[in-house]
Number of protein chains: 2
Amino acid sequence: MIKKVGENTIKFTLPPKIMSGYAIVGPKEGLSPLAKYFDYILKDDAFNEKTYERAERKMLEQAICGAIDKANLLSTDIDILLSGDLLNQIISATFSARQIQTSFIGVFGACSTMTLSLALGSCLIDGGCANKVACATSSHFSTAERQFRYPLELGCQRPPTSQWTVTGAGCSILSREGKGHRITHATFGKVIDFGIKDMNNMGAAMAPAAADTLKNLFNDTNTKPQDYDLIVTGDLGKLGSELLVDLLENYGFKLGSNYCDCGQMMFSNKQRSFMGGSGCGCSATVMNSYILNKLDSGDYKKIILMSTGALLSTTSAQQGDTIPGIAHAVIVEKGK
Amino acid sequence: MIKKVGENTIKFTLPPKIMSGYAIVGPKEGLSPLAKYFDYILKDDAFNEKTYERAERKMLEQAICGAIDKANLLSTDIDILLSGDLLNQIISATFSARQIQTSFIGVFGACSTMTLSLALGSCLIDGGCANKVACATSSHFSTAERQFRYPLELGCQRPPTSQWTVTGAGCSILSREGKGHRITHATFGKVIDFGIKDMNNMGAAMAPAAADTLKNLFNDTNTKPQDYDLIVTGDLGKLGSELLVDLLENYGFKLGSNYCDCGQMMFSNKQRSFMGGSGCGCSATVMNSYILNKLDSGDYKKIILMSTGALLSTTSAQQGDTIPGIAHAVIVEKGK
């Protein structure tokens, strides 16, 4: 049986359950308005490691093990670990996977990795290829900054359109059986390029892809924005979110007060992060703490989570290429 | 129904068919003993582009479009494109995906990408999440060399354990219906780290992961090496292949004359590539040309293809980390 509805959306026959979620964040994120929802807040973003890369890896390992633990499972119960991150050759994910000796599928979707892994994990479970899947991702301000932009020691001034890479890692455990909030649909995005070249304006680069995926999801499922308690994007930030609202209006869909962005939710205005948070860890930590909590409490019954990714490397940027974007979305319904 | 057999292998209920394969290679690979099987051989490895990165991207685009064409399909018939490559943030795959406006799933498995995408594509098709999937990957000697090692202009001497990154791209089109060779099983590998640190000895870094995946496949499917007409690894090269044979013997499996390695098949001894070819493009081009051809002709009836990946980045290497490896395998049977 083919589970596709419309052009781009998959409707799961036996919606996978989210057994647990775990979110670990850095000290700046520990001052976030969402702080009380996080499982663990680092006192020091080096996490007692020699390098920030190793700190990121350690956060990701803790997120994966923490989520497995919260689901009352052992790592041997996990059939497949789906993970990726922003670092070259996704070293946070691959090195973390050494510690979880299970089948590993490396994914790359830049900051869209949380929903990419949730969508793919749901396909694997619903398709009968796995019973339990761990979906995890991470980012770290200091590893991203020095890889993509400038050495931290330079103290470069940040332009007003810039976003702040979230230091954090999140993991969800999906299961074929049991209880939990259900992933009912997944929409895999297309790579969309509107010609943005500014590495300090990721929101604008990702908004067209976000609009495309959301439009497809609404059309494929024959729903509209008002049918959801929450529509939340990954890290479009303030500017990108405004662009998304405009672009979607052109497609005939009006986002209302039920729309928000993890990047904007992560930091308060006082935290001087300009357009808001970004990075794989942004939607990963907000999803696996605040959003799951609000589904637990019944404040949300049906939501769309759509993480968004800017697909660039320093090489592509230096060679004058534009920044393509991508967005993957899942619909999550409160468990019974 | 759960399709897992044993600990790590998935047995497909309705084995996906390989509708077509396309392989494009660079000029050095055009002198390979396998040259006559390739679909397209570049005269110049810059492929009329300004940068090698753009040349790699163009090869990948041609491989994807070529495979779609050979399957008598249009790109709009493809539900999902699964692709990844060696470059930072898999820019070859993501930029190529702009041209194929379909759902895109970015994967990363270093040189194991061909079987990672074939295995994952098979799961998506067998699970009813897609009708037609394109699985594609690429590598380019000049982009890999300057990203992972030294600027080409330095003319560094290569150590005898080194391998030569294949300039090439390959794509397979998988389908739920129709005819073609069938992917009957997939074994996703674990990340295995035996502590190798030498970036010029990838074969040794990958061999333990290859042995682990192959052992799991044999145990899970209750088969032995003699049950296959061909067991072919991705790019272990001469040294890595010898290590694999030794390691598997410890596990109780004896690889015979039906075992070979795409890296060793790609170049003749005269071509001075030391341990042989490597890179995502290595197994991708050999699979989508020579191996499919031998399945067509009936020389092979049942094979194991297992691409292997070394999971390092320049950052992890410079920080003194070891090189973890991974290997993903698929069993392919001749179509009826």
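As the structure is a prediction and not an experimental result, all values here were calculated from the model.

Visitor: What am I meant to see in the environment of Arg149 of chain B here?
Guide: Residues and elements named next belong to chain B. With respect to the helices and strands, Arg149 occurs in the loop between helix H4 (141–148) and strand E8 (164–165). A relative accessible area of 22% places Arg149 in the partly exposed class. On a C-alpha basis, the gap between Arg149 and Ala310 in space is 14 Å, while along the polypeptide they are 161 residues apart. Each residue touching Arg149, except ones within four places of it in the same chain, is listed here: Ala144, Thr165, Met199, Asn200 and Met202.

Visitor: I tried to follow the packing of aromatic side chains on my own but got confused; where do I start?
Guide: Any aromatic ring pair is given by two values, namely how distant the centres are and how the planes are angled relative to each other. This structure, assessed with the given rule, holds ten aromatic pairs over all chains. Between Phe218 of chain A and Phe253 of chain A the ring centres are 4.9 Å apart and the planes differ by 40 degrees, which places this aromatic pair in the tilted class. Of this pair, Phe218 of chain A sits in helix H5 (residues 202–221) while Phe253 of chain A sits in the loop between helix H6 (237–250) and strand E12 (259–261), and the two are 35 residues apart along the sequence. Of the two residues, Phe218 of chain A and Phe253 of chain A, neither departs from the other in class, the shared state being buried. When the centroid spacing of 6.1 Å and the interplanar angle of 50 degrees are considered together, the rings of Phe218 of chain B and Tyr228 of chain B count as tilted. Taken together, the positions of Phe218 of chain B in helix H5 (residues 202–221) and Tyr228 of chain B in the loop between H5 and strand E11 (230–233) put the pair ten residues apart, joining distant regions of the chain. Three or more aromatic residues link up through ring pairs in this structure, and these residues are Phe218, Tyr228 and Phe253 of chain A.

Visitor: Teacher, can you tell me more about the relation of the copies chain A and chain B here?
Guide: There are two copies of the chain, and a rotation about an axis plus a shift along that axis relates them. Superposing chain A onto chain B requires a rotation of 180 degrees together with a translation of 0.0 Å along the rotation axis, leaving an RMSD of 0.0 Å. This pairing of chains is accounted for by a two-fold axis. A share of 100% of the interface residues of chain A reappears at the interface of chain B, consistent with the copies meeting face to face through the same patch.

Visitor: What is the right way to read the interface of chain A and chain B from this model?
Guide: Accessible area lost upon the coming together of the parts is a frequently used measure of interface size. Counting residues at the interface gives 62 residues for chain A and 62 residues for chain B. Our enumeration of links across chain A and chain B arrives at eight salt bridges. We note a salt bridge from Arg98 of chain B to Asp193 of chain A, for which the minimum N-O separation is 2.5 Å. On the surface where chain A and chain B come into contact, there are 32 residue pairs in polar contact (both at pLDDT 80 or more). Elements with a contribution of two residues or more to the side of chain A that touches chain B: helix H1 (52–70), helix H2 (91–97), strand E6 (103–106), helix H3 (113–126), helix H4 (141–148), helix H9 (314–318) and strand E15 (325–333) of chain A.

Visitor: What is the right way to read the pattern of salt bridges from this model?
Guide: A side chain of one charge can pair with a side chain of the opposite charge when the charged atoms of the two come close. Counted under the stated rule, the structure contains 32 salt bridges over all chains. As a salt-bridge pair, Asp79 of chain B and Lys4 of chain A come within 2.6 Å of each other at their nearest N and O atoms. One end of the pair, Asp79 of chain B, is in the loop between helix H1 (52–70) and strand E5 (80–85); the other, Lys4 of chain A, is in strand E1 (residues 4–5), on a second chain. Judged by relative accessible area, which is 12%, Asp79 of chain B ranks as buried. One salt bridge in this structure joins Asp321 of chain B and Arg54 of chain A, with 3.0 Å as the shortest N-O distance. Here Asp321 of chain B, found in the loop between helix H9 (314–318) and strand E15 (325–333), pairs with Arg54 of chain A, found in helix H1, and the two come from separate chains. The exposure class assigned to Asp321 of chain B is buried, which follows from its relative accessible area of 9%. It is possible to trace a salt-bridge network through shared partners that takes in Arg54 and Arg57 of chain A together with Asp321 of chain B.

How each quantity is defined
- Residues numbered from 1 in each chain as written.
- Chains lettered and ligands numbered in written order.
- Predicted model: local features only at pLDDT ≥ 70, side-chain atom pairs only at ≥ 80, totals over all residues.
- Heavy atoms only, no water.
- Helix = DSSP H or I, 4+ residues; strand = E, 2+ residues; numbered from the N terminus.
- Buried < 20%, exposed > 50% of the residue type's maximum accessible area, 1.4 Å probe, protein only.
- Contact = heavy atoms within 4.5 Å.
- Phe/Tyr/Trp six-rings, centres within 6.5 Å; stacked < 30°, edge-to-face > 60°.
- Least-squares fit on C-alpha atoms with pLDDT ≥ 70 in both.
- Salt bridge = Lys/Arg side-chain N within 4 Å of Asp/Glu carboxyl O.
- Polar contact = N/O pair within 3.5 Å; in protein donor to acceptor, adjacent residues only side chain to side chain.

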